[in-house]
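Fold and geometry: a report
The primary structure of each chain is shown beneath.
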Amino acid sequence: AIALIPGNSNFELRMEFQNLAQHYFSRQAYLWAQLVFQLSVLTVLMSTIIQSVQSLDGIFVDIFGKSCGLEVYPAVGFVCGGDHSGETPFPSNHYLISAGFVACGIICIPLGYWNLDDNIMVQNVATTLIFVCASVWMGLSFSFGLETDRTPIIGSDTSQVLGVTVFNFAFVFTLPSWLNEKKRDTSVTGVIVSAMAIGVAIFFAIGVIGGMAFEPYYESSDDFLAKLREHGGTVAMASIYVYPIACNWTSIPILCIVMRYNFLQMLENNSYAKLLTSLVVIAPWVLSLPFYPGSGFDTLCNWGGIVFATLANFIFPVAIYVSALKMYIIPKEDLLSDSNSERASDYSPPMPSLPDESGLGMLK
């Protein structure tokens, strides 16, 4: 759909998701698509922030015996917690700004002001670390001993499967932003297919082998990292510390950048670009605070994944593609098959409504 836009067969134009929806959809459909798109990115971003902060607070408990923070509700004051049995070291009904929240924000927020291509070195290091962690986990799982009856084909509780699965493959809405900044000689199909294949292989291998390595825990609130934490060991604990940093901390800036790119494309006055950038980068951290205690991460994954991420990643892209076929491919084929060759030769596809180049100063 992006390549079919006149003058963009090699992705010469800067086309974000916002531009695609505006070009291919009606005004009303475009507004709904833009709303759902931003909510989808925001939901994934908030869940990633929450998971990152919870993981970092858990690391503080392992190293220092506790994590502390500034409680804002129900009381106001400085509190500490060292409980490892829940999602956070603090009571589930206490809302606070934890040490993990502050440390994670100090590292991730500045990266959100960069562009995608500026983050490439950080992403390369993170990808390497993720491969190392996956290899370590596979080795540890085999060392624990595998029992096939621990992983039934269909479990007794699948309520969280759909949301989490959709969340983990909710990358489609980032593709337009990536296309704008990839190298010209990079194969689009090759990158997408290889990334999907590697991702599915890692998910499948760790899911099955990791499930066989421990007593069944799919009916509890534990996950694979929690079981590794119970086992202990220097290598296992090191991988637990490294993984959230490599996976989540480097995803937060990317999602902020994608949101920023799309908002900036809507700007008619570039004088608001800096204010909008700061709002997009900082607001998700503020909105994440109420979801930090308890099962906020699971709630966002399940509802956000099923509703917003599904629409933005699997429904709207198909609708855009169908609209592109109707706009550019089908009319031309009908005319070419018409007996009147003059009509076919006179066919001219509609031109897109391109963004005002003056509104892209922050991106450049």
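Shown above is the structure to which this text applies.
Let me sum up the structure you'll find in this document. Just so it is clear, the structure is predicted and the values come from calculations on it, not from any experiment.

Another point: the state of the cysteines. Overall, the coordinates contain one disulfide when judged by the stated rule. Each sulfur in the disulfide pair Cys68 and Cys80 lies 1.9 Å from the other. Of note, the bridge from Cys68 to Cys80 carries an S-S torsion of about 100 degrees and is right-handed in sense. Of the two residues, Cys68 is situated in strand 1 (residues 67–73) and Cys80 in strand 2 (residues 77–81); the sequence distance between them amounts to 12 residues. Taking relative accessible area as the criterion, Cys68 reaches 14% and is therefore assigned buried. Distance from the sulfur of Cys104, which forms no disulfide, to the nearest cysteine sulfur (Cys108) is 3.9 Å.

Among the nonpolar cores identified, the biggest contains 49 residues, and Tyr24, Cys104, Ile252 and Trp285 are the most heavily contacted of them. Listed by contribution, the elements that provide at least two residues to this core are helix 1 (17–24), helix 2 (27–64), helix 3 (99–112), helix 10 (251–266), helix 11 (273–288) and helix 12 (296–337). It is helix 2 that contributes the most residues to this core, 14 residues altogether. Leaving out residues up to four positions away in the same chain, Tyr24 has contacts with Ala1, Leu4, Ile5, Ile320, Ser323, Ala324, Met327 and Tyr328. If you look at the next biggest cluster of nonpolar residues, it comprises 13 residues, including Ile206, Ala213, Ala236 and Met237.

On to the sheet that holds strand 2. One open sheet accounts for three strands, arranged 2-1-3; its pairing is antiparallel. The outermost strands of the open sheet, each flanked by one partner alone, are strand 2 and strand 3 (95–98). Neighbour-to-neighbour, the strand axes of this sheet turn through a mean angle of 40 degrees, independent of strand direction. As judged from the five bridges shared by strand 1 and strand 2, these two strands associate in the antiparallel manner. Each bridged residue has a counterpart across the sheet, and for Leu70 the counterpart in strand 2 is Phe78. Running at roughly 130 degrees to strand 1, helix 2 makes contact with strand 1, strand 2 and strand 3 of the sheet. Against the sheet, helix 3 touches strand 1 and strand 3, its axis set at about 50 degrees to strand 3.

Right, let's get into the side chain of Ser67. Within the element layout of this structure, Ser67 appears in strand 1. In this structure the side chain of Ser67 is engaged in a polar contact, spanning 2.7 Å, whose partner is the side chain of Asp57. Sequence-distant contacts of Ser67, that is, excluding residues within four places in its chain, are made with Asp57, Phe60, Val61, Val79, Cys80, Gly81, Pro89, Phe90, Ala99 and Gly100.

Attention shifts here to unusual backbone geometry. Cis peptide bonds are those with omega within 30 degrees of zero, and the linkage from Tyr73 to Pro74 qualifies with 5 degrees. Mapped onto the secondary structure, Pro74 falls in the loop between strand 1 and strand 2.

Three or four residues apart is the spacing at which side chains of an α-helix point the same way, because the helix has 3.6 residues per turn. Between its terminal C-alpha atoms helix 9 (residues 234–249) stretches 22 Å, which fits the 22 Å expected from 16 residues at 1.5 Å a residue. Roughly 25 degrees is the biggest bend found in helix 9, and it falls at Val242, with proline Pro244 one to four residues downstream. Residues of helix 9 that are buried include every one of Ala236, Met237, Ser239, Ile240, Pro244, Ala246, Asn248 and Trp249, and no others. Contacts from the buried residues of helix 9 go to helix 2, helix 3, helix 4 (120–144), helix 8 (224–231) and helix 10.

What counts as what
- Residues numbered from 1 in each chain as written.
- Predicted model: local features only at pLDDT ≥ 70, side-chain atom pairs only at ≥ 80, totals over all residues.
- Heavy atoms only, no water.
- Disulfide = S-S within 2.5 Å.
- Helix = DSSP H or I, 4+ residues; strand = E, 2+ residues; numbered from the N terminus.
- Buried < 20%, exposed > 50% of the residue type's maximum accessible area, 1.4 Å probe, protein only.
- Core = buried A, V, L, I, M, F, W, Y, C linked by side-chain atoms within 4.5 Å.
- Contact = heavy atoms within 4.5 Å.
- Pairing = 2+ DSSP bridges.
- Axes fitted to C-alpha atoms, helices over the stretch in contact; angles between N-to-C directions.
- Polar contact = N/O pair within 3.5 Å; in protein donor to acceptor, adjacent residues only side chain to side chain.
- Expected span 1.5 Å × (residues − 1).
- Bend = angle between axes of the 7 residues up to and from the residue.

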